[in-house]
Structure formats: C-alpha cells, structure tokens
Amino acid sequence: PARAPAAPAGRPIPLLPPAALTELNTACQSGDASACGKMLPVVEAECAQKIAAACRFAGFLYERGRGAATNAAIAASFYNQACEGGDKMGCVGFALLQARGTGVIQNEAKAQATLQQLCQDGVLEACTQLALLIVPGGRPADMARARELLTKACDGQHARACEMLKSMPRAPAK
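About the thresholds
Residues numbered from 1 in each chain as written. Predicted model: local features only at pLDDT ≥ 70, side-chain atom pairs only at ≥ 80, totals over all residues. Heavy atoms only, no water. Axes fitted to C-alpha atoms, helices over the stretch in contact; angles between N-to-C directions. Helix = DSSP H or I, 4+ residues; strand = E, 2+ residues; numbered from the N terminus. Parallel < 35°, antiparallel > 145°, perpendicular 65-115°, else oblique. Left-handed = near helix turned anticlockwise from the far one by under 90°. Contact = heavy atoms within 4.5 Å. Nonpolar A, V, L, I, M, F, W, Y, C, P; charged D, E, K, R; others polar. 1 Å grid on protein atoms, 1.4 Å probe; cavity = no way out; pocket = protein on both sides within 12 Å on 5 of 7 lines; lining within 4 Å. Points joined across faces, edges and corners; volume = space filled by probe spheres on them. Expected span 1.5 Å × (residues − 1). Buried < 20%, exposed > 50% of the residue type's maximum accessible area, 1.4 Å probe, protein only. Arc of directions from axis to C-beta.

Caption draft 1: Representation of the packing of helix H2 (residues 33–48) against helix H3 (residues 52–64) within the structure. At a closest axis distance of 8 Å, the pairing of H2 and H3 adopts a crossing angle of 140°. The angle between H2 and H3 places the two elements in the oblique class. Remark: the crossing between H2 and H3 carries left-handed chirality. Note on element contacts: H3 touches H2 through Ala-54, Cys-55, Phe-57, Ala-58, Leu-61 and Tyr-62, opposite Cys-36, Met-39, Leu-40, Val-43, Glu-44, Glu-46 and Cys-47. Looking at the contact of H2 with H3 residue by residue, the class counts come to 11 nonpolar, no polar and two charged.

Caption draft 2: Summary view of the layout of surface pockets. In this structure, the largest pocket encloses a volume near 230 Å³. Considering the residues around the largest pocket, the lining is formed by Arg-56, Phe-60, Glu-63, Arg-64, Tyr-79, Met-89, Val-92, Gly-93, Leu-96, Arg-100, Glu-125 and Gln-129. Broken down by secondary-structure element, the contributors of at least two residues to the lining of the largest pocket are H3, helix H5 (88–100) and helix H7 (124–134). Top element by residues in the lining of the largest pocket is H5. It accounts for five residues. Residue composition of the lining of the largest pocket, grouped by class: five nonpolar, two polar and five charged.

Caption draft 3: Up close: helix H6 (residues 108–120). In a regular helix each residue adds 1.5 Å, so 13 residues correspond to 18 Å; H6 covers 18 Å between its end C-alpha atoms and thus fits that length. Looking at H6, one finds that the buried residues are Ala-111, Leu-115, Leu-118 and Cys-119. Seen from one end, H6 has its buried residues packed into an arc of 100°, which puts them on one side. Residues of H6 that are buried make contact with H5, H7 and helix H8 (140–155).

Right under this line is the structure:
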C-alpha cells in the first residue's frame, strides 16, 4: 500500500497506489505534461521526507519544465538535496547546472571535479557528461581525455557514450 506523503505548503496530496504512480511516471518520462503535473506534488512531498531519488526527479521536472514552469534555481536545490541524500545521479544533475551556472553560481572546475569523482565511482553518466564538458576545448589532450571517458562509459554499456564515441574523430597516429 502507498503511504500518504506529507503535503508541501498545505497542498493536499491524493493517496496514489503504487500502480498509479508507476503509470504516471511512465507517462511523464514519455513527455506527458499532465502526468508530470500530477507527479510533481508527490515527488516534492517524498523529497521533504528525505527520499533522495524523489528529490532528483523533482529537480528534473523543474529543470525541464515538466509539470511546472522551468525553474533552474529550484531544480538546482532539488538536485543538491538528492546529492546530499546519496543519490549520485542527483549529484550529476547538480554538477551540470553548476558547470553552466544555471540556477546556481557557476563553478566549472568544481563541477568537473564532482563528475570526475562520480566517474571514478562507476557512475557512467558522469563519465559521459564530463566528456561533453571537456570536448569544446578541442585541444588534442582534451579530445584524448574525452575519448578515454567515453570508452569507460561505453565499456560499461552506456549506449549514448558508445554513440558519441563512434562519432568522435580518430586520434592521429603517432
């Protein structure tokens, strides 16, 4: 049975059975704004109960403007709560906003250090995102490092990293 989440800011939260939450989540992930709107108060309430994955999902909804107006500062706050709660993908989300200075003070060096640590910890999305951050430098050393990061992620079956790796120019022969 689903537990009744605490209502944020006095808003009543309807008790939704797990099957309904799963259905809404699937619809929301597919881009159904109405489903996202129904999910948002639930994940906000669960985040208030320190459920880190819910904080990350709330951050995603605010970052993408799904179910609520786009708000990078609120997204950053939710991603940070997720990260502090141990959700590594929440840390990735916060680092990406931090790298761009979107909703939070820009600090690309700190963002890259966070992604590097997460990559070392086996978070393949962090490896991929770090590669994307360093590629724009275009220097041979940057490209070699990006290739190394994408190879690690691809070796771990991260499909997007494999696609990106295929499209990267080959390193010149020495």
